[in-house]
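Descriptive analysis of the structure
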Amino acid sequence: MVYRNEVLSFENSKPGPAPFNEVSEFCKEHPNMGADFRDFAIQYRTLAEVWGNCSNPYMMLMMLDRKKYRNAAKLYDFIQSVYNELKPRMSESDLRMWSTNFLRRMSDELEKKVIA
């Protein structure tokens, strides 16, 4: 499942045309994204293409964090859409744990950063 961009879009953060390979630059700058991300991402030229084709919400959130994306309202909506996708496949206790440990905490931390 690809988490569609009706909630968020990942635009090229640099003004002007995308560099020859924005993805390889991003991977060099952020090696802690991991081999799974790199292996997936290198098939694309821009981060917008990676975002548009990514089916892993955790990778998507890591990309947003590394690019210092700080729109709390849109990020909350994105996290909520991921939660709604996972909901039918998770037990009630797993959903409660995910909501408490991830959804609320991430939103609270992001809002603190935005206000600061």
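Residues numbered from 1 in each chain as written. Predicted model: local features only at pLDDT ≥ 70, side-chain atom pairs only at ≥ 80, totals over all residues. Heavy atoms only, no water.

1. Some details on the nonpolar core
One recurring pattern in soluble globular proteins: nonpolar side chains tend to sit buried together. We apply this condition: Note on terminology: a nonpolar core comprises buried Ala, Val, Leu, Ile, Met, Phe, Trp, Tyr and Cys residues joined through side-chain atoms within 4.5 Å. Per-residue accessibility, obtained with a 1.4 Å probe over protein chains only, is compared with the maximum for each type, and a residue is labelled buried under 20%, exposed over 50%, and partly exposed between these values. A helix here means a DSSP run of H or I that spans at least four residues, while a strand means a run of E at least two residues long, and both kinds are numbered starting from the N terminus. We call two residues in contact when some of their heavy atoms are within 4.5 Å.
Residues Val23, Phe37, Val50, Met63 and Phe78 are the most contacted members of the largest nonpolar core, which totals 25 residues. By residue number, the principal contributor to this core is helix H5 (residues 72-86), which donates 6 residues. Residues within four places of Val23 in sequence aside, it is in contact with Ala41, Ile42, Tyr44, Arg45, Thr46, Leu47 and Val50.

2. Some details on helix H4 (residues 57-66)
Note on helix geometry: an α-helix contains 3.6 residues per turn, so any two residues three or four positions apart are oriented the same way. Cut-off, in case you're wondering: Counted as a polar contact is a pair of N or O atoms within 3.5 Å, where, for protein atoms, one must be capable of donating a hydrogen and the other of accepting one, and residues adjacent in sequence contribute only when both atoms are in side chains.
Burial in H4 covers these residues: Pro57, Met59, Met60, Leu61, Met63 and Leu64. Between a side-chain oxygen at the N-terminus of H4 and the backbone nitrogen of Met59 the separation is 3.1 Å; the capping residue is Asn56. Lys68 sits one or two positions beyond H4 and adopts a positive phi of about 60°.

3. Here we look at the confidence of the model for the chain
Low-pLDDT stretches of the model should not have their predicted coordinates read in fine detail. Rules: Summary of the metric used: pLDDT quantifies the predictor's per-residue confidence within the range 0 to 100.
Overall, the prediction assigns the chain a mean pLDDT of 75, with 69% of residues at 70 or greater. Per-residue pLDDT stays below 50 along residues 1-7; that stretch engages in 23 contacts with residues further than four places along the chain or on separate chains. When the criterion is pLDDT under 50, residues 14-19 qualifies, and its contacts beyond four places in sequence or with other chains add up to 9 contacts.

4. What about the packing of H4 against H5?
Rules: What counts as an axis is a line fitted to C-alpha atoms, over the stretch in contact for a helix, and the angles between N-to-C directions run from 0 to 180 degrees. Throughout, the term roughly parallel applies to angles under 35 degrees, roughly antiparallel to angles over 145, roughly perpendicular to angles from 65 to 115, and oblique to all others.
Where H4 meets H5, the axes come as close as 11 Å, and the angle between the chain directions of the two elements is 170°. Between H4 and H5, the crossing angle belongs to the class labelled roughly antiparallel. Touching Pro57, Tyr58, Met60, Leu61 and Leu64 of H4 are Leu75, Phe78, Ile79, Val82 and Leu86, all from H5.

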